[in-house]
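# Chains, contacts and geometry: an overview
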Amino acid sequence: MAKGRDKNLIELRDEALCRRYYYWTEVQRLRFDDALKVLSRQEFFISEERIMSIIRRKCRELKDLEVKPVPKVKKPRLTAVQLSLFTGE
């Protein structure tokens, strides 16, 4: 018996997660960030970042659902000098 996590169970979990994301966002019409909180804190107990990476990867594989993952948001990196331009100091 191989050590580690069962890959088949992980695939089943990932598919269930995508289906639940679809349910919360499309059927219940929850905002995606609220759906992520529900999935993370009440249903799957993994981080929101991990859930989004699973959805991005898995959504292409599911043909019976039209799952639309939210695109990655890149945050600008501001330095202290750049921030001071906004504060007027």
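Residues numbered from 1 in each chain as written. Predicted model: local features only at pLDDT ≥ 70, side-chain atom pairs only at ≥ 80, totals over all residues. Heavy atoms only, no water.

Per an unreviewed UniProt entry, the chain goes by Transposase and derives from Bacteroides finegoldii.

## Brief notes about the packing of aromatic side chains
Evaluation of the coordinates by the stated rule reveals one aromatic pair. Residues Tyr23 and Trp24 carry aromatic rings whose centres are separated by 5.1 Å and whose planes lie at 70 degrees to one another, so their mutual orientation is edge-to-face. The class for Tyr23 is partly exposed, based on a relative accessible area of 28%. (Phe/Tyr/Trp six-rings, centres within 6.5 Å; stacked < 30°, edge-to-face > 60°. Buried < 20%, exposed > 50% of the residue type's maximum accessible area, 1.4 Å probe, protein only.)

## What about helix 3 (residues 48-58)?
Counting along an α-helix, one turn takes 3.6 residues, and residues three or four places apart therefore face a common direction. Of the residues making up helix 3, those classed as buried are Ile51, Met52, Ile54, Ile55 and Lys58. All buried residues of helix 3 fall inside an arc of 160 degrees around its axis, so they share one side. Looking at the buried side of helix 3, the elements it contacts are helix 1 (7-27) and helix 2 (32-44). (Helix = DSSP H or I, 4+ residues; strand = E, 2+ residues; numbered from the N terminus. Arc of directions from axis to C-beta. Contact = heavy atoms within 4.5 Å.)

## What to know about the confidence of the model for the chain
Across the chain, the average pLDDT comes to 85, with 87% of residues at or above 70. Per-residue pLDDT, averaged within each element of the chain, yields its smallest value for helix 4 (residues 80-87) (80) and its largest for helix 2 (94). (pLDDT = per-residue confidence, 0-100.)

## So, the pattern of salt bridges
Pairing between side chains of opposite charge can happen when the charged atoms of each approach one another. Enumeration according to the criterion identifies ten salt bridges in this entry. For Arg20, the salt bridge goes to Glu43, with nearest N and O atoms at 2.8 Å. Taken together, the positions of Arg20 in helix 1 and Glu43 in helix 2 put the pair 23 residues apart, joining distant regions of the chain. For Arg20, a relative accessible area of 30% translates into the label partly exposed. (Salt bridge = Lys/Arg side-chain N within 4 Å of Asp/Glu carboxyl O.)

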